[in-house]
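Fold and geometry: a report
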Amino acid sequence: MRTWQLYQPTPQQPWTPSRAAHLHRRTVFGATWKELQRDLTGKPQDAVTRVLSDEVRADGVPDEFTSLANLIGNAATEQPNVERLKAWWIYRVLFTPAPLQERLTLMWHNHFATSNLKVNNLSLMKLQNDTFRKHATAPFGDLLHAMLRDPALLIWLDASSNRRGHANENLGRELMELFTLGIGNYSESDVKNAARALTGLTVKEGQFHFDSHRHDAGQKTILTKTGPFNADQLADVLLQNPATAKRLASRLIGEFFSEGVVNETAYNELASQLRTTNLDIGKAVETILRSQLFFSDTNINSRICDPLSFLIAPLRALELFDKPPSTLALSEWLQRMGLDLFYPPNVAGWPGHRTWLTTRTVIARANYAAAVVSGEVYRPAYVSDLQELAKKHSAKKDDTFEKMMKTLLLGGATDLPAKESTNPTTDSREASCVLKLLTGFRAHLH
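What counts and how
Positions within a chain are numbered from 1, following the residues in the order the chain's sequence is written. Owing to the predicted nature of the model, reporting of local features is limited to residues with pLDDT of at least 70; listing and counting of side-chain atom pairs is limited to 80 or more, with chain, interface and lining totals taken over all residues. Computation of side-chain values: all heavy atoms of the structure, hydrogens and water removed. On a range of 0 to 100, pLDDT expresses the predictor's confidence in each residue. Any two residues whose heavy atoms approach within 4.5 Å are treated as being in contact. Lining residues are those with an atom within 4 Å of a point, where the points come from a 1 Å grid over the protein atoms alone and group into cavities, where a 1.4 Å probe fits but cannot get out, or pockets, open sets with protein on both sides within 12 Å along at least five of seven lines. Grid points are joined across faces, edges and corners, and a volume is the space filled by probe spheres set on the points. Numbering of helices and strands runs from the N terminus, with a helix taken as a DSSP run of H or I at least four residues long and a strand as a DSSP run of E at least two residues long. Just so you know the grouping, Ala, Val, Leu, Ile, Met, Phe, Trp, Tyr, Cys and Pro go in nonpolar, Asp, Glu, Lys and Arg go in charged, and all remaining residues, Gly too, go in polar. Between any two strands, at least two bridges found by DSSP are needed for them to pair. Only the six-membered ring of Trp is used, alongside the rings of Phe and Tyr, when aromatic pairs are assigned; centres must lie within 6.5 Å, and planes under 30 degrees apart are stacked while those over 60 apart are edge-to-face, with the rest tilted. To sort residues, take the accessible area from a 1.4 Å probe on protein chains only and compare it with the maximum for the residue type: under 20% means buried, over 50% means exposed, and anything in between is partly exposed. Should the NZ of a Lys or the CZ of an Arg lie within 6 Å of a ring centre and within 35 degrees of the ring normal, that charge is described as sitting over the ring.

Taking an unreviewed UniProt entry as the reference, the chain is identified by name as DUF1800 domain-containing protein belonging to Gimesia aquarii.

**Digging into the confidence of the model for the chain**
Do not read the fine detail of predicted coordinates wherever pLDDT is low. Here the chain shows a mean pLDDT of 95. Residues at 70 or above account for 97%. Considering only residues more than four positions removed or in separate chains, one finds that residues 417-423, a stretch of pLDDT under 50, has nine contacts.

**Side note on empty space enclosed by the protein**
A water-sized probe rolled over the atoms picks out the places where empty space is left. Going through the model one piece at a time under the given rule, you end up with two cavities of 30 Å³ or more. Its boundaries defined by the atoms lining it, the largest cavity holds a volume of some 100 Å³. If you go around the largest cavity, the residues you meet are Arg25, Cys305, Ser309, Phe310, Ala313, Pro314, Leu408, Leu409, Leu438, Ala443 and His446. At the level of secondary structure, the elements contributing two or more residues to the lining of the largest cavity comprise helix H17 (307-317) and helix H21 (398-410). Counting residues per element, the lining of the largest cavity draws most heavily on H17, at four residues. Along the lines of polarity and charge, the residues of the lining of the largest cavity split into eight nonpolar, two polar and one charged. In this structure, the second largest cavity spans a volume of roughly 30 Å³. Around the second largest cavity sit Leu318, Leu320, Val372, Val373, Val383, Ser384 and Leu386, which together line it. Looking at the lining of the second largest cavity residue by residue, the classes come out as six nonpolar, one polar and no charged.

**Thoughts on unusual backbone geometry**
Of note, the amide linkage connecting glutamine 79 to proline 80 takes the cis form, showing an omega dihedral of -25°. In this model, arginine 379 is joined to proline 380 through a cis peptide bond whose omega is 0°. Among the secondary structure elements, proline 380 is positioned in the loop between helix H19 (359-374) and helix H20 (386-392). A positive phi angle, close to 70°, is found at threonine 224, a residue other than glycine. As for its position among the elements, threonine 224 is in the loop between strand S3 (220-222) and strand S4 (225-227). Despite not being glycine, phenylalanine 342 has its phi angle at roughly 75°, a positive value.

**A few points about the pairing of strand S2 (residues 207-210)**
Bridging between strand S1 (residues 201-204) and S2 involves four bridges; their strand directions are antiparallel. Counted as the bridge partner of leucine 201 is phenylalanine 210 from S2. Hairpin geometry of S1 and S2 is characterised by an intervening segment of two residues between the two adjacent antiparallel strands and by a positive phi of about 55° at glutamate 205.

**Comments concerning the packing of aromatic side chains**
All chains considered together, the criterion is met by 17 aromatic pairs. Plain terms: the ring middles of tyrosine 7 and tryptophan 15 are 6.4 Å apart, the flat faces sit at 50° to each other, and that makes the pair tilted. A relative accessible area of 0% places tyrosine 7 in the buried class. Of the aromatic side chains, those joined through ring pairs into one cluster are Trp4, Tyr7, Trp15, Phe257, Phe294 and Phe295. Note that arginine 336 overlies the ring of tryptophan 333, its terminal NZ or CZ placed 4.3 Å from the centroid. Over the face of the ring belonging to phenylalanine 310 we find arginine 365, whose NZ or CZ atom lies 4.8 Å from the ring centre.

What follows is the structure, given as structure tokens:
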């Protein structure tokens, strides 16, 4: 593909700390200094390979991660306690050896935006979340077919009230508009017939159930194709339509690029690759991350940082691993910054980009930065020794520590005018430096 050439360092676009930090900040919620130095001593494509193969994190992955994550998640659903379920997901993002998988899990959570406000069942919300994770990089058809059996989504979109002779179009409409084709690529007749194909899907005792007595087995015409379609056959019709590949290309571009970076030609080429690879999401993500376009100057530090990245990246930069913060406290901060996990605002999900920044959320980000350096993200409060961190990385000089933090937290962005950042006072110069960087304007970009 002409516009998706591999990134190779050149005198004009060298492999720099800024580009290495960009890879970590945009895809895996930030790096530690050791991880960044490792990547800088090698080739950029090797660094991308580590991201894709779940070998990117050299720090902060506990040996017992899987068992602890399962313990926390199961306890949250058994209690049931939604705040603990949110904390479970944040624990996964902070400590997982596969952070790209968590990034994509969040993307699918936004794509199939399902709210516990209506589902009101934490076990089903966790089941859906695990399904997103399982199929995060799989061919999209695997995920779409799984979602048509997902109890949380079926409850959310009223599948149980959709029956032969009394079609409810909610699931069929969102399936076409939001999950596959996109607006403008189907007719009202297609929606009505899709709803008929979806009759019989329901939830019984918390599990997917197909009720053949409620299913409309008659002939249906959908997108010019005619047959006695059921849910899986409908999904196949939608997956084969070129509009679905374009919809997915748009979703992936929105996830990894700033606005205006990807032109129409690159967009069409990515959609074409998706069509020819059975909508393989993993291959499309690899094309994106290995590209010169991803590492271009216009794509670095030019996108509004999403709340979860703003939450996690400082914790990884400051290496708060051995005595980790309270994930319950982190969940509360994330909500204040505008991202309430398992509660998207509507079926279209979070709009993202500029909407992440409002007066309220910017203040919340500044207060979160203060909480990180003052130890208020712990319960009880605990102040991490940043001087020890500086000593560990031979960065005891003020300018050396600031350069290290500026690279990790801002992607090496240039200095700001004094009026654009606060002038906080904290107990140590290192803490003051971190707070100054995180409360400046550029902290909101990645």
